[in-house]
Amino acid sequence: MPAPIRLRELIRTIRTARTQAEEREMIQKECAAIRSSFREEDNTYRCRNVAKLLYMHMLGYPAHFGQLECLKLIASQKFTDKRIGYLGAMLLLDERQDVHLLMTNCIKNDLNHSTQYVQGLALCTLGCMGSSEMCRDLAGEVEKLLKTSNSYLRKKAALCAVHVIRKVPELMEMFLPATKNLLSEKNHGVLHTSVVLLTEMCERSPDMLTHFRKLVPQLVRILKNLIMSGYSPEHDVSGISDPFLQVRILRLLRILGKSDDDSSEAMNDILAQVATNTETSKNVGNAILYETVLTIMDIKSESGLRVLAINILGRFLLNNDKNIRYVALTSLLKTVQTDHNAVQRHRSTIVDCLKDLDVSIKRRAMELSFALVNGNNIRGMMKELLYFLDSCDPDFKADCASGVFLAAEKYAPSKRWHIDTIMRVLTTAGSYVRDDSVPNLIQLITNSVEMHAYTVQRLYKALLDDISQQPLVQVASWCIGEYGDLLVSGQCEEEEPIQVTEDEVLDVLEGLLVSNLSAPVTRGYSLTAIMKLSTRFSSVNRIKKVVSIYGSSIDVELQQRAVEYNALFKKYDHMRPALLERMPIMEKTATNGPTEIVQTNGETESSALDSKHPPSITQPTNQANDLLDLLGGNDVPVIQTALPTKPASAGGELLDLLGDLSLSGIPPMTAYNKNGLKIEFTFERSNPNPNISVITIHASNSTEADMTDFVFQAAVPKTFQLQLLSPSSNIVPALNQGSVTQVIRVLNPQKQQLRMRIKLTYTLKGAPVQDLAEVNNFPPQSWQ
Amino acid sequence: MIKAILIFNNHGKPRLSKFYEHYTEDTEQQIIRETFHLVSKRDENVCNFLEGGMLIGGSDNKLIYRHYATLYFVFCVDSSESELGILDLIQVFVETLDKCFENVCELDLIFHVDKVHNILAEMVMGGMVLETNMNEIITQVDAQNKMEKSETFIFQSPRQDR
């Protein structure tokens, strides 16, 4: 068969291919030829074939059938074969193939070969792809080579040792004796790799670290020689003597000096010398300076040195070279936590970097700017950051917006400024803010009571301009729903009040409902807002009309809301003011909290009818009974929960106001009164079903501390059925400042005397308390 | 540690690919494509550092690249390497290639990819920098080439070179 073509020929042929398909064809043809050549066990051309195979592998074609051939090449006597064989092994084989273990013996023989280059090849391959088994077998050979006087082999052995240690950390001890005089070498290559080996050992084992600390003086001396030696042609790179070695030594010094005073002390002088003497006109000088700065920041250096380091970084920031600026910003980001004041001095330069064209630099500058914001510079910084937000790429906007919110929350000098900032973010980057910011903002607005009028006015004006940014629209419609009356009455103090009529406001909200730009969630927000305005505005008829139109909307969510609001108008008009009144100030809970509140707020009105806690709303008895009747009639299962919900507390307050009314003529009773906790029962009879008694418990606390995690449980004899509804809260405030209420419904078909066993658990002053009691003194009217 | 060294041209064709960590063949090709995609988007006067793509390890790894005429030299490194130092290393590598090939151009890299591998093997081993002295590297490479040539002569092999 004809001699296989040379690699060069193959490459030329492939380059003439004009399409991917042509190339694939050529390669397949050649692969077939190579395969048959391998089958023939042709020793002379094997080397050529494997070389071609490697080229095809680089282009992305499968070449695994050549793996065994590589092994045969390695076993050959010729250097040429070995070279290609080892290269092929490094490119094609890895520890996942079992084949690689066959190499072990070859490598072992080659490590003891008479020619240093063969030994070098073996070391190289072992160092690149040796698996843990191979490393274990061959570690001894590597260790021997580490002690040889041949510098070519010594440096390769050092890096191979690093690889062995990475694969099999237990073998680290083995290399310890060989490291004794590594640093006394003159050859820079060996020095370099030895420092790498020492670095690896120190990073892996704290014992080694302590052991090698004694080398610090030697390292300092070597570094000094490098700096002071003047021009040495062999190691010179752009005028500096072996910068790579300098950088390596500095890194090792960093590791050795970390959290150790003595070593840091020994290094101070040399670090200062390097920092001041290095030429900064070329990249090499800057590389050394950069490493020096990192080292100074990490070890226990004296403060003068630290200031010097930060000033070097500041100078870097002004450098024209982008790379230097990038590197400076990265290191400043690392040091801003520890040396905050020093970094503050360079704040203006950092802020200027925000305007850089380079994306990587802009991102670093943005992160650093947020880290530098504090109470003093918040106004200035925020101006710059908002300007940045206006003009930056979309990828940045989300991060920048969240950063601005966080910073504003922490350092806002005044509520008005805070709201202005939020408005600005919403109008410029509104579509990029994160989802959880809407409820957070709503909570913030609710809590700044005096700013309501101002806020709603500004939001209204923003809505007039632009309704495409959903978060802005959602917050705005919520606010208009809540504070629409302030808007119309023109009460704003902070700025010029605008003249708005009720109709205009309703126009805007209705516009949101019909607009194509509004997301379904936004439509929900605006429908609820319109509904809330029915208690604040006088044009109720218009609102009624809108609500009834949406009762037949295709969107199920809108439809449900509209139908329920309609029902509110028709049958439960008396409840409407109570349900739709202003939201109370929300407590700042965990991040999930506000979201829940907003949703339940939206749902409260609509779910009042199938709500889980109807009897909390105390009304004239017959209407409460109507509610219960509705519940009793509907097969809506009333879920037994022990979790408190906020709207219930709003209702609970109402209950407290009217709590003293003895509703159905049955006298209340005290069921439990011990250790400061008093539980009172009040009774109602549900008219349609005389077998059901509704008992409301009122728990009050006369001690000086609040009772938290309060849980009330009750059990009744078998002939009764008991249903426990949600409590209003599980904290009973101290000194009778309030009470927890919970409703129990008891079904008593056999009209037997009501008896109950109750269990109370709560935490008082950090100590958990549990108690059981029997309640037998029910008044006869309650169960007869 | 250096995770990978890639050389590709302005159209994304790989001219050299050396990985110091284990990836499957498909992943290797994907990495080359992804790296080319990231690097080719860069403007001429921005900095030479990029965050690594998804495949090659995400945020811990950086791509440090230099663009010479028609070729991109990309070193993918992790956080233990100094970025500015690697930039210098790329420069030393290219200068060495220049010395070895006499005014190196893309064609030299195309037709002598195995020689480029040999030169690289004298500089970087197992993902760590072995030797940075250009003369030393060239001496070693020359000596090994001489050995190869002498073998050819002795064994009278029909082929002259690969």
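Structure shown above.
Procedures and definitions
- Residues numbered from 1 in each chain as written.
- Chains lettered and ligands numbered in written order.
- Predicted model: local features only at pLDDT ≥ 70, side-chain atom pairs only at ≥ 80, totals over all residues.
- Heavy atoms only, no water.
- Pairing = 2+ DSSP bridges.
- Helix = DSSP H or I, 4+ residues; strand = E, 2+ residues; numbered from the N terminus.
- Axes fitted to C-alpha atoms, helices over the stretch in contact; angles between N-to-C directions.
- 1 Å grid on protein atoms, 1.4 Å probe; cavity = no way out; pocket = protein on both sides within 12 Å on 5 of 7 lines; lining within 4 Å.
- Points joined across faces, edges and corners; volume = space filled by probe spheres on them.
- Nonpolar A, V, L, I, M, F, W, Y, C, P; charged D, E, K, R; others polar.
- Parallel < 35°, antiparallel > 145°, perpendicular 65-115°, else oblique.
- Left-handed = near helix turned anticlockwise from the far one by under 90°.
- Contact = heavy atoms within 4.5 Å.

Q: Outline the sheet that holds strand E10 (residues 767-775) of chain A, listing residues and values.
A: Residue and element names in this part refer to chain A. In space, the three strands of this open sheet follow the order E6-E9-E10, with antiparallel pairing throughout. A strand with exactly one partner marks an edge of an open sheet, and here the two such strands are strand E6 (707-715) and E10. Each strand axis lies, on average, 15° off the axis of its neighbour in the sheet, ignoring direction. In this sheet, E10 lies alongside strand E9 (residues 756-764) in antiparallel orientation, the contact comprising nine bridges. If you follow lysine 759 over to E10, its bridge partner there is leucine 772.

Q: Please set out empty space enclosed by the protein residue by residue, giving values where relevant.
A: Empty space among the atoms becomes apparent when a probe as large as a water molecule is rolled across them. Scanning the entire structure with this criterion turns up six cavities of 30 Å³ or more. Of the volumes computed, that of the largest cavity is approximately 170 Å³. Taken together, 15 residues form the lining of the largest cavity, with Phe244(A), Val247(A), Arg248(A), Glu81(B) and Gly85(B) sitting closest to its centre. In terms of residue class, the lining of the largest cavity is built from seven nonpolar, four polar and four charged. There is about 140 Å³ of room inside the second largest cavity. Lining the second largest cavity are 17 residues, with Leu121(A), Cys124(A), Asn118(B), Ala121(B) and Gln144(B) sitting closest to its centre.

Q: Break down the packing of helix H8 (residues 132-146) of chain A against helix H9 (residues 151-167) of chain A for me, citing the residues and quoting the values.
A: Residue and element names in this part refer to chain A. H9 packs onto H8 with a crossing angle of 150° between their chain directions and a minimal axis gap of 9 Å. Considering the angle they form, H8 stands roughly antiparallel to H9. Handedness of the H8/H9 crossing: left-handed. Where H8 abuts H9, its residues Ser132, Cys135, Ala139, Val142, Leu145 and Leu146 lie against Leu153, Arg154, Ala157, Ala158, Cys160, Ala161, His163, Val164 and Lys167. For the contact of H8 with H9, the residue count by class is 11 nonpolar, two polar and two charged.

Interpretation note: all reported values are geometric properties and have no functional meaning in isolation.
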